[in-house]
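# Structural characterization, general
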Amino acid sequence: MEPFTVQHALFGVDTPAGAASDADLLRRAHFVVGLHPDEATEAIVDGALRHGRAFAVVPCCVFGRLFPWRRHPVTGAAVSSYVDFVDYLQAKHPAIRRAILPCGGANIVLWVPPGALASTPA
């Protein structure tokens, strides 16, 4: 097994010259973590799902005006609150789990354990 490494990178944006692309980072990753990732939250979830990677993400800001096409999976209303955003992200795949972290503020973590994506439909 390779040694544990941490890769800090911009995600969900155009890749600067000489930097690894999102796809390159995900192909090499075993687990993806996004803590308060702002606009990159959905890109992290989508990329991890697309590449079959386990992940944990703590969503924060909704950015409803930047992403007006997001719709709540049950009501169909625009995603406009933190809970709406968490529901929207969790609905992307049945393997995504939800837990509450023991802290204040944006404290919901969405996660997929290692191996879970290999056995569930996308």
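These remarks concern the structure in this document. If you're wondering where the values come from, they're calculated on a predicted model, not measured in any experiment.

## Observations concerning the pattern of salt bridges
Summed over all chains, the structure comprises 4 salt bridges. For Lys 92, the salt bridge goes to Glu 42, with nearest N and O atoms at 2.9 Å. Of this pair, Lys 92 sits in the loop between helix H3 (82-90) and strand E3 (97-100) while Glu 42 sits in helix H2 (residues 41-50), and the two are 50 residues apart along the sequence. Using a relative accessible area of 27% as the deciding quantity, one classes Lys 92 as partly exposed. Given a relative accessible area of 10%, Glu 42 falls into the buried group. Between Asp 46 and Lys 92 there is a salt bridge; the shortest N-O distance is 2.9 Å.

## Section: the pairing of strand E4 (residues 108-112)
Buried residues dominate E4, accounting for 4 of its 5 residues. When strand E2 (residues 54-58) meets E4, the two strands line up antiparallel, connected through 3 bridges. In the strand pairing of E4, Ala 56 is matched with Trp 111. Where E3 lies against E4, 4 bridges are found, and the strand directions are antiparallel. In the sheet register, Ala 99 faces E4, and the bridge partner there is Val 109.

Criteria and cut-off values
Residues numbered from 1 in each chain as written. Predicted model: local features only at pLDDT ≥ 70, side-chain atom pairs only at ≥ 80, totals over all residues. Heavy atoms only, no water. Salt bridge = Lys/Arg side-chain N within 4 Å of Asp/Glu carboxyl O. Helix = DSSP H or I, 4+ residues; strand = E, 2+ residues; numbered from the N terminus. Buried < 20%, exposed > 50% of the residue type's maximum accessible area, 1.4 Å probe, protein only. Pairing = 2+ DSSP bridges.

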